[in-house]
Amino acid sequence: MSYGIKVFGPDNQTVVFSDGIRTSNVQVYEGFSLSPNEVSDIISCPNANDSTKVAVTITPTSNIGLIGLRDIVVTNKTSTGFQLSNGGNNFVSGIAIAFRLS
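Keep in mind it's a predicted model, so treat the numbers as computed, not measured.

Engineer: I'm lost on the layout of surface pockets in this one. Help?
Structural biologist: Any space left empty among the atoms is revealed by the rolling of a water-sized probe across them. One number sums up the size of the largest pocket: a volume of about 260 Å³. As for the largest pocket, its lining consists of 17 residues, of which Pro10, Ala55, Val56, Thr57 and Lys77 are closest to the centre. Breaking the lining of the largest pocket down by element, the ones donating at least two residues are β5 (54-60) and β6 (72-75). With five residues, β5 is the largest single contributor of residues to the lining of the largest pocket.

Engineer: It is not clear to me how the sheet that holds strand β8 (residues 92-100) should be interpreted in this structure. Could you clarify?
Structural biologist: Sheet strands pair by backbone hydrogen bonding; their relative direction is either parallel or antiparallel. Pairing is antiparallel in the open sheet, where three strands are placed in the order β3-β8-β5. Of all strands in the sheet, those with a lone pairing partner are β3 (25-34) and β5, marking the two edges. Here the strands of the sheet are splayed against their neighbours by 20° on average, with no regard to which way each runs.

Engineer: Help me understand the side chain of Asn86, please; the structure alone is not making it clear to me.
Structural biologist: Tracing the chain through its elements places Asn86 in strand β7 (residues 81-86). You can call Asn86 buried: its relative accessible area is 1%. Side-chain polar atoms of Asn86 contact the backbone oxygen of Ser35, separated by 3.2 Å. Here the side chain of Asn86 touches Gly88 through a polar contact of 3.0 Å, landing on its backbone nitrogen.

What counts and how
- Residues numbered from 1 in each chain as written.
- Predicted model: local features only at pLDDT ≥ 70, side-chain atom pairs only at ≥ 80, totals over all residues.
- Heavy atoms only, no water.
- 1 Å grid on protein atoms, 1.4 Å probe; cavity = no way out; pocket = protein on both sides within 12 Å on 5 of 7 lines; lining within 4 Å.
- Points joined across faces, edges and corners; volume = space filled by probe spheres on them.
- Helix = DSSP H or I, 4+ residues; strand = E, 2+ residues; numbered from the N terminus.
- Pairing = 2+ DSSP bridges.
- Axes fitted to C-alpha atoms, helices over the stretch in contact; angles between N-to-C directions.
- Buried < 20%, exposed > 50% of the residue type's maximum accessible area, 1.4 Å probe, protein only.
- Polar contact = N/O pair within 3.5 Å; in protein donor to acceptor, adjacent residues only side chain to side chain.

Here it is in structure tokens:
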């Protein structure tokens, strides 16, 4: 028996990090700040459009960020990267994290 941490992706089903996945690693760890209706620059991430290879998640950098975090959407996923879009009415800052799954 082994012990460790198991981290699930945004769908709460896909395991993105565990002691059983030897190829898991962080592809992107990048801060962002978006005003209402703003779209981020392209964030480089190979295979961002392939959910079997990469899982993208976001986390706020402050409690204030929790208010608008639900308005942040990962958009324009391509084979070379993705963008973040703020569809809400609040300024939001946080961190985008992309895990390589395979």
